[in-house]
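Listed below, chain by chain, are the residues.
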Amino acid sequence: MSPASSRAAATPAVAAPVPSPSSGDTRMSPGGPGYRRMSFALFLAGVATFALLYSTQALLPLVSADFGASASAASWTVSGATGALALCVLPLSALSERFGRRTVMTASLSVAVTLGLLVPFAPNLGVLIALRALQGAALAGLPASAMAYLAEEVRPKALVAAIGLFVAGNSIGGMSGRVIGGWIAQAWGWRAAVGTIGVIAVVCAIAFRMLLPAPRNFTPGSLRPRALARTVGGHLANPLLRRLYVIGALFMTVFGAVYTVIGYRLTAAPFSLPQGVVGSIFLIYLVGTASSAAAGKLVARLGRRGTLYLAAGTTTAGLLLALVPQLLVVLLGLMLITAGFFAGHATASSSVSHTATHGRAQASALYQSAYYIGSSVGSAVGAVAFHAAGWGGTVALGFVAVLGVVSITVWGTYAARATARGTVRGAAHAH
(Lines give C-alpha, C1' and ligand atoms only; values in the text may rest on other atoms or scores of the structure.)
Protein backbone atom coordinates (compact mmCIF):
# COMPACT_ATOMS: atom_id res chain seq x y z
CA MET A 1 0.00 0.00 0.00
CA SER A 2 1.48 3.36 -0.95
CA PRO A 3 2.24 5.78 1.88
CA ALA A 4 1.48 8.73 -0.38
CA SER A 5 -2.05 9.14 0.89
CA SER A 6 -0.86 9.32 4.48
CA ARG A 7 -0.28 13.03 3.90
CA ALA A 8 -4.01 13.48 4.32
CA ALA A 9 -3.86 12.63 8.03
CA ALA A 10 -4.94 15.51 10.21
CA THR A 11 -2.79 17.08 12.92
CA PRO A 12 -3.19 15.02 16.09
CA ALA A 13 -3.98 16.06 19.61
CA VAL A 14 -0.47 15.26 20.77
CA ALA A 15 2.45 14.43 18.54
CA ALA A 16 5.11 12.36 20.19
CA PRO A 17 8.50 13.48 18.89
CA VAL A 18 10.20 10.94 16.69
CA PRO A 19 13.97 11.18 16.72
CA SER A 20 15.68 11.37 13.37
CA PRO A 21 18.13 8.61 12.56
CA SER A 22 21.38 9.91 13.97
CA SER A 23 24.00 9.18 16.54
CA GLY A 24 21.60 10.57 19.18
CA ASP A 25 18.73 8.29 18.21
CA THR A 26 17.57 6.51 21.37
CA ARG A 27 15.29 4.06 19.56
CA MET A 28 16.15 0.38 19.69
CA SER A 29 17.42 -1.76 16.84
CA PRO A 30 18.37 -5.44 16.48
CA GLY A 31 21.56 -6.15 18.39
CA GLY A 32 21.27 -2.92 20.36
CA PRO A 33 20.74 -2.58 24.12
CA GLY A 34 17.30 -3.55 25.33
CA TYR A 35 16.05 -4.85 21.98
CA ARG A 36 15.99 -8.53 22.97
CA ARG A 37 14.34 -7.81 26.32
CA MET A 38 11.74 -5.65 24.63
CA SER A 39 11.07 -8.24 21.92
CA PHE A 40 10.70 -11.09 24.39
CA ALA A 41 8.50 -9.03 26.73
CA LEU A 42 6.08 -8.11 23.96
CA PHE A 43 6.23 -11.65 22.62
CA LEU A 44 5.02 -12.85 26.06
CA ALA A 45 2.33 -10.16 26.07
CA GLY A 46 1.14 -11.46 22.70
CA VAL A 47 1.12 -15.02 24.04
CA ALA A 48 -1.01 -14.03 27.04
CA THR A 49 -3.39 -11.91 24.96
CA PHE A 50 -4.29 -14.54 22.39
CA ALA A 51 -4.26 -17.43 24.87
CA LEU A 52 -6.84 -15.62 27.01
CA LEU A 53 -8.85 -14.05 24.20
CA TYR A 54 -9.48 -17.35 22.41
CA SER A 55 -9.32 -19.70 25.40
CA THR A 56 -12.78 -21.15 24.74
CA GLN A 57 -12.60 -21.39 20.95
CA ALA A 58 -11.21 -24.93 20.68
CA LEU A 59 -13.49 -26.03 23.54
CA LEU A 60 -16.78 -24.87 22.03
CA PRO A 61 -18.16 -28.41 21.44
CA LEU A 62 -17.65 -29.15 25.17
CA VAL A 63 -19.16 -25.81 26.20
CA SER A 64 -22.17 -26.56 23.99
CA ALA A 65 -22.58 -30.00 25.57
CA ASP A 66 -22.19 -28.68 29.15
CA PHE A 67 -24.78 -25.92 28.79
CA GLY A 68 -26.99 -27.57 26.14
CA ALA A 69 -26.26 -24.71 23.75
CA SER A 70 -26.04 -24.54 19.97
CA ALA A 71 -22.83 -23.74 18.10
CA SER A 72 -24.03 -20.21 17.36
CA ALA A 73 -24.89 -19.59 21.05
CA ALA A 74 -21.60 -21.01 22.36
CA SER A 75 -19.65 -19.00 19.78
CA TRP A 76 -20.54 -15.85 21.74
CA THR A 77 -17.97 -16.87 24.34
CA VAL A 78 -15.50 -15.91 21.60
CA SER A 79 -17.47 -13.16 19.85
CA GLY A 80 -18.31 -11.48 23.15
CA ALA A 81 -14.63 -11.20 24.08
CA THR A 82 -13.45 -9.95 20.71
CA GLY A 83 -16.43 -7.62 20.32
CA ALA A 84 -15.79 -6.00 23.72
CA LEU A 85 -12.13 -5.60 22.81
CA ALA A 86 -13.12 -3.90 19.55
CA LEU A 87 -15.36 -1.43 21.43
CA CYS A 88 -12.84 -0.61 24.17
CA VAL A 89 -9.56 -0.49 22.27
CA LEU A 90 -9.90 3.15 21.20
CA PRO A 91 -10.72 4.67 24.64
CA LEU A 92 -8.01 2.60 26.32
CA SER A 93 -5.49 3.65 23.68
CA ALA A 94 -6.32 7.24 24.62
CA LEU A 95 -5.38 6.42 28.20
CA SER A 96 -2.02 5.17 26.94
CA GLU A 97 -1.41 8.60 25.39
CA ARG A 98 -1.82 10.15 28.83
CA PHE A 99 -0.44 7.55 31.25
CA GLY A 100 2.06 5.70 29.06
CA ARG A 101 2.12 2.56 26.94
CA ARG A 102 3.80 0.34 29.52
CA THR A 103 1.44 1.40 32.31
CA VAL A 104 -1.71 0.71 30.31
CA MET A 105 -0.40 -2.62 28.99
CA THR A 106 0.47 -3.74 32.52
CA ALA A 107 -2.94 -2.74 33.88
CA SER A 108 -4.76 -4.44 31.00
CA LEU A 109 -2.93 -7.73 31.47
CA SER A 110 -3.41 -7.62 35.25
CA VAL A 111 -7.18 -7.28 35.01
CA ALA A 112 -7.46 -9.81 32.17
CA VAL A 113 -5.51 -12.54 33.96
CA THR A 114 -7.55 -11.99 37.13
CA LEU A 115 -10.75 -12.49 35.16
CA GLY A 116 -9.16 -15.50 33.48
CA LEU A 117 -8.96 -17.19 36.88
CA LEU A 118 -12.69 -16.56 37.42
CA VAL A 119 -13.91 -17.86 34.04
CA PRO A 120 -13.75 -21.58 35.02
CA PHE A 121 -16.33 -21.00 37.76
CA ALA A 122 -19.06 -19.57 35.49
CA PRO A 123 -22.34 -21.26 36.54
CA ASN A 124 -24.12 -20.84 33.20
CA LEU A 125 -23.55 -19.71 29.62
CA GLY A 126 -24.77 -16.16 30.26
CA VAL A 127 -22.27 -15.58 33.06
CA LEU A 128 -19.52 -17.18 31.00
CA ILE A 129 -20.21 -14.83 28.08
CA ALA A 130 -20.29 -11.83 30.45
CA LEU A 131 -16.94 -12.75 32.02
CA ARG A 132 -15.42 -13.30 28.61
CA ALA A 133 -16.70 -9.90 27.44
CA LEU A 134 -15.11 -8.22 30.47
CA GLN A 135 -11.90 -10.07 29.75
CA GLY A 136 -11.91 -8.85 26.16
CA ALA A 137 -12.53 -5.27 27.33
CA ALA A 138 -9.56 -5.52 29.71
CA LEU A 139 -7.28 -6.85 26.97
CA ALA A 140 -8.22 -3.89 24.77
CA GLY A 141 -5.50 -1.80 26.38
CA LEU A 142 -2.72 -4.00 25.10
CA PRO A 143 -2.66 -4.40 21.27
CA ALA A 144 -2.80 -0.74 20.21
CA SER A 145 -0.50 0.35 23.04
CA ALA A 146 2.01 -2.33 22.02
CA MET A 147 1.99 -1.14 18.41
CA ALA A 148 2.44 2.48 19.51
CA TYR A 149 5.25 1.48 21.89
CA LEU A 150 7.07 -0.27 19.06
CA ALA A 151 6.56 2.64 16.66
CA GLU A 152 8.08 5.03 19.21
CA GLU A 153 10.85 2.85 20.61
CA VAL A 154 12.09 0.88 17.54
CA ARG A 155 13.91 2.31 14.54
CA PRO A 156 11.85 2.35 11.32
CA LYS A 157 13.93 -0.25 9.46
CA ALA A 158 13.33 -2.77 12.26
CA LEU A 159 9.65 -1.94 12.82
CA VAL A 160 8.04 -4.56 10.56
CA ALA A 161 10.24 -7.30 12.04
CA ALA A 162 9.48 -6.16 15.61
CA ILE A 163 5.73 -6.08 14.98
CA GLY A 164 6.01 -9.43 13.22
CA LEU A 165 7.55 -10.90 16.38
CA PHE A 166 4.71 -9.48 18.49
CA VAL A 167 2.19 -11.02 16.08
CA ALA A 168 4.18 -14.26 16.29
CA GLY A 169 3.58 -14.16 20.04
CA ASN A 170 -0.12 -13.91 19.25
CA SER A 171 0.09 -17.06 17.16
CA ILE A 172 2.04 -18.95 19.86
CA GLY A 173 -0.51 -17.88 22.47
CA GLY A 174 -3.43 -18.89 20.29
CA MET A 175 -1.80 -22.22 19.52
CA SER A 176 -0.58 -23.15 23.00
CA GLY A 177 -3.85 -22.19 24.67
CA ARG A 178 -5.84 -24.36 22.32
CA VAL A 179 -3.45 -27.34 22.29
CA ILE A 180 -2.93 -27.45 26.05
CA GLY A 181 -6.59 -26.71 26.63
CA GLY A 182 -7.70 -29.47 24.27
CA TRP A 183 -5.81 -32.23 26.06
CA ILE A 184 -6.66 -30.98 29.54
CA ALA A 185 -10.31 -30.67 28.54
CA GLN A 186 -10.35 -34.25 27.24
CA ALA A 187 -9.19 -35.50 30.64
CA TRP A 188 -10.77 -33.04 33.11
CA GLY A 189 -13.25 -30.88 31.18
CA TRP A 190 -13.28 -27.39 29.69
CA ARG A 191 -13.24 -25.62 33.06
CA ALA A 192 -9.89 -27.13 34.02
CA ALA A 193 -8.61 -26.22 30.57
CA VAL A 194 -9.46 -22.50 30.74
CA GLY A 195 -8.19 -22.38 34.33
CA THR A 196 -4.81 -23.71 33.21
CA ILE A 197 -4.66 -21.16 30.42
CA GLY A 198 -5.36 -18.46 33.00
CA VAL A 199 -2.40 -19.58 35.14
CA ILE A 200 -0.09 -19.58 32.10
CA ALA A 201 -1.23 -16.04 31.29
CA VAL A 202 -0.41 -14.92 34.85
CA VAL A 203 3.18 -16.12 34.43
CA CYS A 204 3.47 -14.33 31.06
CA ALA A 205 2.08 -11.10 32.53
CA ILE A 206 4.58 -11.08 35.40
CA ALA A 207 7.52 -11.76 33.08
CA PHE A 208 6.31 -9.07 30.66
CA ARG A 209 6.31 -6.39 33.34
CA MET A 210 9.75 -7.39 34.59
CA LEU A 211 11.35 -7.42 31.14
CA LEU A 212 9.82 -4.52 29.19
CA PRO A 213 12.24 -1.54 29.09
CA ALA A 214 10.93 1.83 30.23
CA PRO A 215 9.96 4.01 27.25
CA ARG A 216 12.45 6.67 26.17
CA ASN A 217 10.53 8.46 23.44
CA PHE A 218 7.04 8.76 24.93
CA THR A 219 5.57 12.20 25.54
CA PRO A 220 2.38 12.30 27.69
CA GLY A 221 -0.60 13.77 25.92
CA SER A 222 -4.00 15.14 26.81
CA LEU A 223 -7.27 13.31 27.37
CA ARG A 224 -9.34 16.15 25.91
CA PRO A 225 -12.25 14.56 23.98
CA ARG A 226 -12.12 17.17 21.21
CA ALA A 227 -8.42 16.63 20.65
CA LEU A 228 -8.97 12.86 20.57
CA ALA A 229 -11.84 13.29 18.11
CA ARG A 230 -9.62 15.39 15.82
CA THR A 231 -6.91 12.76 15.91
CA VAL A 232 -9.34 9.92 15.16
CA GLY A 233 -11.04 11.97 12.46
CA GLY A 234 -7.69 12.65 10.83
CA HIS A 235 -6.87 8.95 10.68
CA LEU A 236 -10.29 8.07 9.30
CA ALA A 237 -9.90 10.76 6.64
CA ASN A 238 -6.73 9.05 5.39
CA PRO A 239 -7.71 6.73 2.49
CA LEU A 240 -4.69 4.47 3.00
CA LEU A 241 -5.45 3.93 6.69
CA ARG A 242 -9.11 3.25 5.90
CA ARG A 243 -8.10 0.56 3.42
CA LEU A 244 -5.71 -1.04 5.92
CA TYR A 245 -8.41 -1.11 8.59
CA VAL A 246 -10.87 -2.89 6.32
CA ILE A 247 -8.20 -5.33 5.11
CA GLY A 248 -7.36 -6.27 8.71
CA ALA A 249 -11.06 -6.81 9.46
CA LEU A 250 -11.59 -8.99 6.40
CA PHE A 251 -8.54 -11.18 7.03
CA MET A 252 -9.72 -11.72 10.60
CA THR A 253 -13.26 -12.53 9.42
CA VAL A 254 -11.86 -15.51 7.52
CA PHE A 255 -9.67 -16.63 10.38
CA GLY A 256 -12.34 -16.19 13.06
CA ALA A 257 -14.94 -18.10 11.06
CA VAL A 258 -12.69 -21.04 10.21
CA TYR A 259 -11.22 -21.60 13.66
CA THR A 260 -14.50 -21.09 15.52
CA VAL A 261 -16.23 -23.79 13.48
CA ILE A 262 -13.39 -26.24 12.85
CA GLY A 263 -13.83 -27.97 16.21
CA TYR A 264 -17.45 -28.82 15.42
CA ARG A 265 -16.47 -30.12 12.00
CA LEU A 266 -13.62 -32.33 13.18
CA THR A 267 -15.49 -33.83 16.15
CA ALA A 268 -18.37 -34.83 13.84
CA ALA A 269 -18.46 -37.47 11.09
CA PRO A 270 -16.60 -38.35 8.93
CA PHE A 271 -13.63 -37.34 11.12
CA SER A 272 -15.02 -37.95 14.67
CA LEU A 273 -11.79 -36.83 16.34
CA PRO A 274 -11.47 -36.68 20.16
CA GLN A 275 -11.16 -33.27 21.85
CA GLY A 276 -7.44 -33.64 22.58
CA VAL A 277 -6.63 -34.31 18.95
CA VAL A 278 -8.83 -31.41 17.83
CA GLY A 279 -6.91 -29.14 20.20
CA SER A 280 -3.63 -30.36 18.72
CA ILE A 281 -4.83 -29.22 15.30
CA PHE A 282 -3.97 -25.73 16.51
CA LEU A 283 -0.28 -26.60 16.32
CA ILE A 284 -0.84 -25.31 12.81
CA TYR A 285 -0.48 -21.87 14.40
CA LEU A 286 3.28 -22.46 14.18
CA VAL A 287 2.90 -21.82 10.47
CA GLY A 288 1.46 -18.42 11.38
CA THR A 289 4.38 -17.77 13.70
CA ALA A 290 6.77 -18.30 10.80
CA SER A 291 4.76 -16.33 8.23
CA SER A 292 4.24 -13.31 10.51
CA ALA A 293 7.91 -13.24 11.49
CA ALA A 294 8.82 -13.41 7.78
CA ALA A 295 6.48 -10.56 6.83
CA GLY A 296 9.30 -8.02 6.93
CA LYS A 297 11.35 -9.94 4.36
CA LEU A 298 8.29 -10.44 2.15
CA VAL A 299 7.50 -6.72 2.21
CA ALA A 300 11.12 -5.90 1.37
CA ARG A 301 10.99 -8.21 -1.64
CA LEU A 302 7.40 -7.86 -2.89
CA GLY A 303 6.27 -4.56 -1.42
CA ARG A 304 3.25 -4.19 0.83
CA ARG A 305 0.65 -4.66 -1.88
CA GLY A 306 2.51 -7.65 -3.31
CA THR A 307 2.63 -9.26 0.12
CA LEU A 308 -1.10 -8.66 0.60
CA TYR A 309 -1.84 -10.29 -2.78
CA LEU A 310 0.31 -13.27 -1.78
CA ALA A 311 -1.44 -13.54 1.59
CA ALA A 312 -4.89 -13.40 -0.03
CA GLY A 313 -3.94 -16.01 -2.63
CA THR A 314 -2.53 -18.33 0.02
CA THR A 315 -5.69 -17.99 2.10
CA THR A 316 -7.90 -18.71 -0.92
CA ALA A 317 -5.95 -21.86 -1.76
CA GLY A 318 -6.36 -22.99 1.84
CA LEU A 319 -10.12 -22.47 1.76
CA LEU A 320 -10.40 -24.54 -1.40
CA LEU A 321 -8.40 -27.42 0.10
CA ALA A 322 -10.39 -27.27 3.32
CA LEU A 323 -13.52 -28.27 1.37
CA VAL A 324 -12.07 -31.71 0.59
CA PRO A 325 -13.44 -34.29 3.11
CA GLN A 326 -10.04 -35.87 3.79
CA LEU A 327 -8.23 -35.07 7.03
CA LEU A 328 -4.74 -34.54 5.60
CA VAL A 329 -6.07 -32.25 2.88
CA VAL A 330 -8.11 -30.28 5.41
CA LEU A 331 -5.00 -29.86 7.58
CA LEU A 332 -3.02 -28.60 4.59
CA GLY A 333 -5.82 -26.15 3.88
CA LEU A 334 -5.72 -24.90 7.48
CA MET A 335 -1.95 -24.43 7.19
CA LEU A 336 -2.36 -22.23 4.11
CA ILE A 337 -5.22 -20.25 5.68
CA THR A 338 -3.11 -19.65 8.78
CA ALA A 339 0.00 -18.65 6.83
CA GLY A 340 -1.96 -16.25 4.63
CA PHE A 341 -3.81 -14.68 7.53
CA PHE A 342 -0.78 -13.99 9.71
CA ALA A 343 1.28 -12.63 6.81
CA GLY A 344 -1.57 -10.34 5.81
CA HIS A 345 -2.19 -9.19 9.37
CA ALA A 346 1.48 -8.45 10.10
CA THR A 347 1.76 -6.51 6.84
CA ALA A 348 -1.39 -4.46 7.33
CA SER A 349 -0.73 -3.67 11.01
CA SER A 350 2.88 -2.62 10.39
CA SER A 351 1.70 -0.46 7.49
CA VAL A 352 -0.61 1.38 9.88
CA SER A 353 2.26 2.08 12.28
CA HIS A 354 4.44 3.22 9.36
CA THR A 355 1.78 5.47 7.85
CA ALA A 356 0.58 7.20 11.04
CA THR A 357 3.41 9.53 11.99
CA HIS A 358 1.22 11.16 14.66
CA GLY A 359 -1.36 9.79 17.10
CA ARG A 360 0.01 6.29 16.63
CA ALA A 361 -1.93 4.80 19.54
CA GLN A 362 -5.21 5.96 18.01
CA ALA A 363 -4.19 4.78 14.54
CA SER A 364 -3.29 1.35 15.90
CA ALA A 365 -6.43 1.32 18.04
CA LEU A 366 -8.62 1.89 15.00
CA TYR A 367 -6.87 -0.98 13.24
CA GLN A 368 -7.29 -3.24 16.26
CA SER A 369 -10.94 -2.25 16.57
CA ALA A 370 -11.60 -3.14 12.93
CA TYR A 371 -9.54 -6.33 13.30
CA TYR A 372 -11.50 -7.60 16.27
CA ILE A 373 -14.82 -6.55 14.79
CA GLY A 374 -13.79 -8.86 11.97
CA SER A 375 -13.09 -11.59 14.51
CA SER A 376 -16.51 -11.15 16.12
CA VAL A 377 -18.29 -11.13 12.79
CA GLY A 378 -16.33 -14.15 11.60
CA SER A 379 -17.01 -16.13 14.77
CA ALA A 380 -20.72 -15.31 14.96
CA VAL A 381 -21.60 -15.35 11.25
CA GLY A 382 -19.30 -18.30 10.59
CA ALA A 383 -21.17 -20.33 13.23
CA VAL A 384 -24.54 -19.29 11.78
CA ALA A 385 -23.35 -20.23 8.28
CA PHE A 386 -22.17 -23.59 9.59
CA HIS A 387 -25.55 -24.22 11.24
CA ALA A 388 -27.38 -23.25 8.04
CA ALA A 389 -25.19 -24.77 5.32
CA GLY A 390 -22.48 -26.81 7.00
CA TRP A 391 -18.76 -26.35 6.47
CA GLY A 392 -19.35 -25.15 2.91
CA GLY A 393 -21.29 -22.16 4.26
CA THR A 394 -18.39 -21.15 6.51
CA VAL A 395 -15.91 -21.48 3.64
CA ALA A 396 -18.18 -19.38 1.40
CA LEU A 397 -18.04 -16.60 3.99
CA GLY A 398 -14.25 -16.85 3.87
CA PHE A 399 -14.22 -16.53 0.08
CA VAL A 400 -16.32 -13.36 0.24
CA ALA A 401 -13.93 -11.82 2.78
CA VAL A 402 -10.81 -12.68 0.74
CA LEU A 403 -12.43 -11.23 -2.37
CA GLY A 404 -12.89 -8.03 -0.38
CA VAL A 405 -9.16 -7.97 0.52
CA VAL A 406 -8.14 -8.37 -3.12
CA SER A 407 -10.61 -5.74 -4.32
CA ILE A 408 -9.41 -3.17 -1.78
CA THR A 409 -5.75 -3.89 -2.57
CA VAL A 410 -6.43 -3.49 -6.30
CA TRP A 411 -8.16 -0.20 -5.58
CA GLY A 412 -5.14 0.88 -3.50
CA THR A 413 -2.83 0.08 -6.41
CA TYR A 414 -4.99 2.15 -8.75
CA ALA A 415 -5.14 5.06 -6.27
CA ALA A 416 -1.35 5.03 -5.79
CA ARG A 417 -0.76 5.11 -9.55
CA ALA A 418 -3.28 7.91 -10.00
CA THR A 419 -1.54 9.92 -7.27
CA ALA A 420 1.85 9.30 -8.88
CA ARG A 421 0.56 10.45 -12.28
CA GLY A 422 -0.89 13.57 -10.71
CA THR A 423 2.42 14.36 -9.02
CA VAL A 424 4.33 13.97 -12.29
CA ARG A 425 1.87 16.20 -14.15
CA GLY A 426 2.08 18.81 -11.41
CA ALA A 427 5.87 18.83 -11.59
CA ALA A 428 5.73 19.14 -15.38
CA HIS A 429 3.39 22.16 -15.19
CA ALA A 430 5.63 23.77 -12.58
CA HIS A 431 8.52 23.68 -15.04
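This is a predicted model, so every value here is computed, not measured.

1. As for the confidence of the model for the protein
Confidence in the prediction of the protein, expressed as mean pLDDT, is 86, and 91% of residues score 70 or more. Low confidence marks residues 1-23, where pLDDT is under 50. Its contacts with residues over four positions away, or in another chain, come to 53 contacts.

2. Points about the packing of aromatic side chains
Taken as a whole and judged by the stated rule, the model has 13 aromatic pairs. Considering the side-chain rings of Phe255 and Phe341, the 4.1 Å spacing of their centres and the 10° angle between planes classify their relative orientation as stacked. Taken together, the residues Phe255 in helix H11 (residues 239-267) and Phe341 in helix H15 (residues 327-355) connect sequence positions 86 residues apart. With a relative accessible area of 1%, Phe341 lands in the buried category. Taken together, the ring pairs in this structure connect Phe255, Tyr259, Phe282, Phe341, Phe342, Tyr367, Tyr371 and Tyr372 into an aromatic cluster.

3. Here's the deal with the environment of Ser93
Note on placement: Ser93 falls in helix H4 (residues 76-99). Counting along the chain gives 12 residues from Ser93 to Met105, while the straight-line C-alpha distance between them is 9.7 Å. When sequence neighbours within four positions are dropped, the list of residues in contact with Ser93 reads Ala144, Ala361, Gln362 and Ala365.

4. Focus on the layout of surface pockets
A volume near 160 Å³ is recorded for the largest pocket. As for the largest pocket, its lining consists of Pro156, Lys157, Leu159, Val160, Ala161, Gly296, Val299, Ala300, Arg304, Ser350 and His354. Put simply, the parts of the chain that give the lining of the largest pocket at least two residues each are helix H8 (156-188), helix H14 (295-322) and H15. The leading source of residues in the lining of the largest pocket is H8, at five residues.

Rules and cut-offs
Residues numbered from 1 in each chain as written. Predicted model: local features only at pLDDT ≥ 70, side-chain atom pairs only at ≥ 80, totals over all residues. Heavy atoms only, no water. pLDDT = per-residue confidence, 0-100. Contact = heavy atoms within 4.5 Å. Phe/Tyr/Trp six-rings, centres within 6.5 Å; stacked < 30°, edge-to-face > 60°. Helix = DSSP H or I, 4+ residues; strand = E, 2+ residues; numbered from the N terminus. Buried < 20%, exposed > 50% of the residue type's maximum accessible area, 1.4 Å probe, protein only. 1 Å grid on protein atoms, 1.4 Å probe; cavity = no way out; pocket = protein on both sides within 12 Å on 5 of 7 lines; lining within 4 Å. Points joined across faces, edges and corners; volume = space filled by probe spheres on them.

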